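# Per-entry structural report
These are the residues of each chain, in order.
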Amino acid sequence: MDVAVGKGFQILACSGSSSFIGKTVNKTSLGATNNRFPARTGSAPRYFRTVVRAQERPTWLPGLDPPPYLDGSLAGDFGFDPLGLGEDTETLRWYVQAELVHARFAMAGVAGILVTDLLRVTGISDLPLWYEAGATKFGFASTRTLFIVQLILMGFVETKRYMDFASPGSQAKDGSFFGLEASLEGLEPGYPGGPLLNPLGLAKDIKSAHEWKLKEIKNGRLAMVAMLGFFVQASVTHVGPVDNLVQHLANPWHNTIIQTLAGSGS
């Protein structure tokens with residue numbers, strides 16, 4: 001029987017009968033052995049075969065072999081690609097950058113929604129619901145003006161990001177970013193770094209900062225799932241996430257996702 005886990009592994013020894021004997025082992029050397037145990041008097045000989053297959057890294061589903069193009073070198077790579085979207089090398093590079101950017105936007109969005117919603121619920125500030133904030137009118141500029149300014153600024157930054165993706169390191173050259181190249185450092189595509197975007201200097205050596213990359217992408221994926229939850233909550237309950245939490249805590253046995261979805265469908 002094949003077994004695949006993380007650092008430890010489990011050996012299952014099976015005989016000719018239907019009985020199974022399990023034993024947990026924490027070793028790094030693995031192999032397959034054939035063992036013959038002496039038979040008892042008056043009984044037929046029994047043969048035991050132990051087969052152990054180890055995985056060098058954890059996967060999203062233990063025992064499942066990851067695709068060959070997901071070799072574990074990418075941060076957060078657990079072999080998950082059921083649709084085979086990353087089979088092409090160049091496409092995989094783009095998907096990695098796209099996930100990273102979406103993860104960062106999601107983390108910023110989740111933090112912004114929770115903070116503003118908390119300020120609104122506690123009465124500290126008279127802020128609109130997060131999904132109504134886009135309709136807010138400002139006295140210093142019209143909505144059209146704000147949209148055009150955002151389009152220009154975001155378009156410029158995204159263009160520079162794509163140029164760095166297409167030609168890594170090109171945007172760190174002198175004169176390529178209004179003299180801010182020294183403040184960005186251009187560590188590698190997706191990780192500009194420098195005192196502007198890495199003020200604490202947590203990953204100055206980006207090539208060996210695998211642990212920081214893994215933490216970021218894990219939190220980013222969690223934030224993307226949280227944003228999806230916020231969208232569903234807003235569509236069903238028409239209130240913010242903090243309001244939903246307060247209602248649940250007030251009556252945790254009757255204000256749950258099950259009652260909420262059942263009530264919305266009736």
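Residues numbered from 1 in each chain as written. Predicted model: local features only at pLDDT ≥ 70, side-chain atom pairs only at ≥ 80, totals over all residues. Heavy atoms only, no water.

What follows is about the UniProt feature "binding site: chlorophyll a 1" (unreviewed entry) in the protein chain. Here, UniProt's "binding site: chlorophyll a 1" (unreviewed entry) annotation points to E99, H102, K215, N219, R221, Q233 and H248. Position of E99 among the secondary structure elements: in helix 1 (residues 89–121). Relative accessible area serves as the criterion here: at 26%, E99 is assigned to the partly exposed category. In contact with E99, not counting residues within four places along its chain, are I217, R221 and M224. (UniProt positions renumbered as here; feature names shortened; annotations may be inferred. Helix = DSSP H or I, 4+ residues; strand = E, 2+ residues; numbered from the N terminus. Buried < 20%, exposed > 50% of the residue type's maximum accessible area, 1.4 Å probe, protein only. Contact = heavy atoms within 4.5 Å.)

A surface patch of nonpolar side chains, amounting to about 550 Å² of accessible area, comprises L83, L85, W94, Y95 and Y162. Counting through the fold element by element, L83 comes out in the loop between strand 4 (47–51) and helix 1. By relative accessible area, which is 68% here, L83 ends up exposed. (Patch = residues over 30% accessible without salt bridge, like charges linked within 9 Å, V, L, I, M, F, W, Y side chains within 5 Å. Areas by Shrake-Rupley, 256 points an atom, 1.4 Å probe, with all protein chains shown as cover. Salt bridge = Lys/Arg side-chain N within 4 Å of Asp/Glu carboxyl O.)

Moving on to the packing of helix 1 against helix 2 (residues 143–166). In the contact formed by helix 1 and helix 2, the axes pass within 12 Å of each other and the chain directions differ by 145°. Between helix 1 and helix 2 the crossing geometry is right-handed. Touching E90, R93, W94, Q97, V101 and F105 of helix 1 are M154, R161, Y162 and F165, all from helix 2. Residue composition of the contact of helix 1 with helix 2, grouped by class: 6 nonpolar, 1 polar and 3 charged. (Axes fitted to C-alpha atoms, helices over the stretch in contact; angles between N-to-C directions. Left-handed = near helix turned anticlockwise from the far one by under 90°. Nonpolar A, V, L, I, M, F, W, Y, C, P; charged D, E, K, R; others polar.)

Among the secondary structure elements, D81 is positioned in the loop between strand 4 and helix 1. Polar contacts involving the side chain of D81 include one to the main-chain amide nitrogen of L85, which spans 3.0 Å. Discounting residues that sit within four places of it in the chain, D81 has contacts with Y69, L70 and G86. (Polar contact = N/O pair within 3.5 Å; in protein donor to acceptor, adjacent residues only side chain to side chain.)

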